[in-house]
Amino acid sequence: MPCRMAKDEQSTKGTDTAWGGRFSEALDAVALRYSASVDVDKRLAPQDVRGSIAHVRMLAARGIVGEDEAEAIASGLEAIAGEIAAGDFAWDAAKEDVHMNVESALTERVGAVGGKLHTARSRNDQVATDMRLWTREACHATAERVDRFLAVLAVRAAGTVDVLMPGYTHLQRAQPVRLAHHLLAWSEMLDRDRGRLLDAANRLNESPLGCAALASTTFPLDRDRTASALGFARPMRNSLDAVADRDFLVEAVAALANCAVHLSRIAEELVLWSSQEFGFVTMSDAFTTGSSIMPQKKNPDMAELARGKTGRVVGDLVNLLVMLKGLPLAYNRDMQEDKAPVFDAFDTVDDTLDVLTGAIATATFHPARMKAALREGFLDATELADWLASKGVPFREAHHVVGRLVGRAVAEGKVLSELSLETLRAEHEAFDESVYGALDMETAVERRDLPGGPARRRVEAAIAELRGRLEGRELDVDALAGEAGAEARP
Ligand code: ARG
């Protein structure tokens, strides 16, 4: 088959091949560009170096390499890690991936002894180890970002207990709640995502090192030693699974996709609430943009982008699942494609968490507009039906009675509390003067005094519980929220 080489691509033919004696010809230039992953996986360099140091120290402990050789290799690796961190490392796509780049820099630096590092190891267990280390850290880092978001919500909730607003179903005004109660609903969604990320970090915390290419190795490795040196709970049980498994990435990215979807729902509420139709919130200038043509505009772009970027994260999850589907054991090169979606999913969710944390911390809510919205929409219709039911009227009948009263009120351009007692009694004789007390919005909220409900004492207890939960994670809630610009105010 003729080689379809791009004009501007130089062939590497004739240069020394990376794969040793089996190959007499270098990789075709297009094939090299197609398969090189270093642009993406160089991000794994710190984990790669840590894994290599743990491996070579274990080789020395088992007498497979000399102690002095291991020391030379370890200090060479540390120097390379320093160069990489400082941005002084010359990455070479011809060396394919992060592993080959680091290893060849090591040999350049410490000489032929560098070639001993890869004893009893394959890039297959190496890359699986690197990805587990990277993902474990990333899950914890994202969880910390969620914590900061939760701290902001705890503080903003404390400042909005008094604010009544419509609760919605079908985006129709349904029953009154407290704004704090709504903000606390967001915190529940996100705290579950945090838990899922930490579950994923916990389950993936096993070491593939020592499984080599697929069938472990003939060398007497100490897998427990490398596992514990890298903070893994134990070595993975099966060598084929250890190099072939990527479900730990699916699990982490699924948690991120769930989180991104939650963030999109929160973002959508911010978009709606900041519209003139709602007028419930004004986002701060720091998190809004103007229009290049309409001088009056203040657009909730950050919330819109948070909503829009959800597609990327869901796409990352689908990408991983489809990449893995049908792959036979053990390692397949397809799996190299895992990195871009995993990095993208974490980057996107981390940024979205940060931007929404700042937007919510600095937003101004408008209690008067929320209160005005309570007046229209018959949010007290359930109160009226419940009131009748409490007088012994079967709820179904009460529901019909109130439905007819709502119809009358609509026709007369009134709210329910404006209907006369005579009008009420015309629909049901159980009505008396005391019904008007039940139609007050504050009363309606206070009567929903169950665990998880919007009554003041329940919301205050929920805020205290959230703060306690965060303090149990050794967080300073007020300091964290303050960093993001949050204050206890509407
Ligand atoms: N860059 C490769 C990856 O991420 C490393 C493993 C390569 N293994 C191999 N047998 N070609 O999957």
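In the block above lies the structure referred to throughout.
Notes on the structure in this doc start here. Just so it is clear, the model here is predicted, and its values are computed rather than measured.

1. Re the site of the ligand
- In the vicinity of the ligand, the residues found are Ser 37, Asp 97, His 99, Arg 123, Asn 124, Val 127, Tyr 331, Gln 336 and Lys 339.
- One of the side-chain N or O atoms of Asp 97 is found 2.9 Å from a nitrogen atom in the ligand.
- In the model, a nitrogen atom of the ligand is placed 2.9 Å from a nitrogen or oxygen of the Gln 336 side chain.
- The element best represented in the shell around the ligand is helix H6 (residues 123-158), accounting for 3 residues.
- Grouping the constituent residues of the shell around the ligand by class yields 2 nonpolar, 4 polar and 3 charged.

2. Some thoughts on the packing of aromatic side chains
- As enumerated under the stated definition, the model contains 9 aromatic pairs in all.
- Here the aromatic rings of Phe 278 and Phe 280 are separated by 5.2 Å at their centres, their planes lie at 85 degrees, and the arrangement is edge-to-face. Each member of the pair, Phe 278 as well as Phe 280, carries the same accessibility label: buried.
- Ring pairing ties together the aromatic residues Tyr 168, Trp 186, Trp 273, Phe 278, Phe 280 and Phe 365, which thus form one cluster.
- The ring of Phe 343 is capped by Arg 43, whose NZ or CZ atom sits 4.8 Å from the centre of that ring.

3. Brief notes about helix H11 (residues 301-324)
- Taking 1.5 Å of rise per residue, the 24 residues of H11 would be expected to cover 34 Å, and the 35 Å separating its terminal C-alpha atoms lies within 8% of that figure.
- Among the structural elements, helix H10 (247-273) and helix H12 (339-362) are those in contact with the buried residues of H11.
- In the segment just after H11, Gly 326 is the residue with positive phi, at about 80 degrees.

4. Thoughts on the packing of H10 against H12
- Orientation of H10 relative to H12, taken along the N-to-C sense of each, is 30 degrees, at an axis distance of 10 Å. Put simply, H10 runs roughly parallel to H12. The crossing of H10 and H12 is left-handed. Here Leu 249, Ala 252, Val 253, Leu 256, Cys 259, Ala 260, Leu 263, Ile 266, Ala 267 and Leu 270 of H10 lie close against H12, whose contacting residues are Val 342, Ala 345, Phe 346, Val 349, Thr 352, Leu 353, Leu 356 and Ile 360.
- Class assignment of the residues belonging to the contact of H10 with H12 gives a composition of 17 nonpolar, 1 polar and no charged.

5. Side note on the pairing of strand S2 (residues 172-178)
- Note: strand S1 (residues 164-169) against S2, 6 bridges, orientation antiparallel. Residue pairing for S2: Thr 169 is matched across the bridge by Gln 172.
- Between the antiparallel neighbours S1 and S2 lie 2 residues, among them His 170 with a positive phi of about 55 degrees.

So, how was this worked out
- Residues numbered from 1 in each chain as written.
- Predicted model: local features only at pLDDT ≥ 70, side-chain atom pairs only at ≥ 80, totals over all residues.
- Heavy atoms only, no water.
- Near = heavy atom within 4 Å.
- Polar contact = N/O pair within 3.5 Å; in protein donor to acceptor, adjacent residues only side chain to side chain.
- Helix = DSSP H or I, 4+ residues; strand = E, 2+ residues; numbered from the N terminus.
- Nonpolar A, V, L, I, M, F, W, Y, C, P; charged D, E, K, R; others polar.
- Phe/Tyr/Trp six-rings, centres within 6.5 Å; stacked < 30°, edge-to-face > 60°.
- Buried < 20%, exposed > 50% of the residue type's maximum accessible area, 1.4 Å probe, protein only.
- Lys NZ or Arg CZ within 6 Å of the ring centre and 35° of its normal.
- Expected span 1.5 Å × (residues − 1).
- Contact = heavy atoms within 4.5 Å.
- Axes fitted to C-alpha atoms, helices over the stretch in contact; angles between N-to-C directions.
- Parallel < 35°, antiparallel > 145°, perpendicular 65-115°, else oblique.
- Left-handed = near helix turned anticlockwise from the far one by under 90°.
- Pairing = 2+ DSSP bridges.

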